[in-house]
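# Geometric and topological summary
One letter stands for each residue in the lines below.
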Amino acid sequence: MKKILSLIVSIILICACAASVYALEITVYKGGDVNLDNNVDDTDLQLLLDWLAGNQSAEAKKPDVNRDGTVNNVDAVLLMKHLNGYEVELYKDPDEGWTDIYQ
Ligand SMILES: [Ca+2]
Ligand SMILES: [Ca+2]
């Protein structure tokens, strides 16, 4: 009986450890990567412009480029500037008070 209990406790501990490791998985994405394909390109801009035009595709997973909590023209302008080589700060660190409602 003790062996069975020990086995059950071991299985529970292993599952708990596996769940903890899974919970620590962090997804890092690039600013402006609207569709989360790990590239920031014209596709992202098109998805964002479509979003603003009312065509909110499920492919547009992170349209709030500057992470201020709203998706608007500011996001589009920032992304356009970024894609055209301008040095722009797409978003600030969340610790500085900005939010990311899409996390
Ligand atoms: Ca992308
Ligand atoms: Ca925004």
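Only Asp33 (OD), Asn35 (OD1), Asp37 (OD), Asn39 (O), Asp44 (OD) and Asp44 (OD) from the protein reach the calcium ion (ligand 1) as donors, at distances of 2.2 to 2.6 Å. Ordering the donors of the calcium ion (ligand 1) by residue number gives the pattern D-x1-N-x1-D-x1-N-x4-D.

Looking now at helix α2 (residues 42–52). Along α2, the positions that sit buried rather than exposed are Asp44, Leu45, Leu47, Leu48 and Trp51. One face of α2 carries all of its buried residues, which in axial projection span an arc of 160 degrees. The inward-facing, buried residues of α2 contact α3 (73–83). With a side-chain oxygen positioned 3.1 Å from the backbone nitrogen of threonine 43, the residue opening α2 is aspartate 41. Positioned one or two residues after α2, glycine 54 has a phi angle of 105 degrees, which is positive.

This part is about the coordination of the calcium ion (ligand 2). Distances from the calcium ion (ligand 2) to its protein donors, namely Asp64 (OD), Asn66 (OD1), Asp68 (OD), Thr70 (O), Asp75 (OD) and Asp75 (OD), fall within the range 2.2 to 2.5 Å. If you look at the calcium ion (ligand 2), its six donor atoms make angles of 52 to 158 degrees with each other, and the shape they trace is irregular. As a motif over one chain, the donors of the calcium ion (ligand 2) read D-x1-N-x1-D-x1-T-x4-D. Separated by eleven residues along the polypeptide, aspartate 64 in the loop between α2 and α3 and aspartate 75 in helix α3 bring together distant segments of the chain. The pair formed by aspartate 64 and aspartate 75 is uniform in burial state, with each residue classed as buried.

Let's shift gears to the side chain of aspartate 75. The side chain of aspartate 75 is buried and forms no salt bridge, while arginine 67, the nearest opposite charge, is found at 8.9 Å. Side-chain polar atoms of aspartate 75 contact the backbone nitrogen of asparagine 66, separated by 3.0 Å. Among residues more than four places away in sequence, those in contact with aspartate 75 are Leu48, Pro63, Asp64, Val65, Asn66 and Thr70.

Conventions we followed
Residues numbered from 1 in each chain as written. Chains lettered and ligands numbered in written order. Predicted model: local features only at pLDDT ≥ 70, side-chain atom pairs only at ≥ 80, totals over all residues. Heavy atoms only, no water. Donors = N, O, S within 2.8 Å, 3.2 Å for Na, K, Ca; no water. Buried < 20%, exposed > 50% of the residue type's maximum accessible area, 1.4 Å probe, protein only. Helix = DSSP H or I, 4+ residues; strand = E, 2+ residues; numbered from the N terminus. Arc of directions from axis to C-beta. Contact = heavy atoms within 4.5 Å. Polar contact = N/O pair within 3.5 Å; in protein donor to acceptor, adjacent residues only side chain to side chain. Tetrahedral: all angles 85-135°; square planar, octahedral: opposite > 155°, others 65-115°. Lys, Arg positive; Asp, Glu negative; His and termini not counted. Salt bridge = Lys/Arg side-chain N within 4 Å of Asp/Glu carboxyl O.

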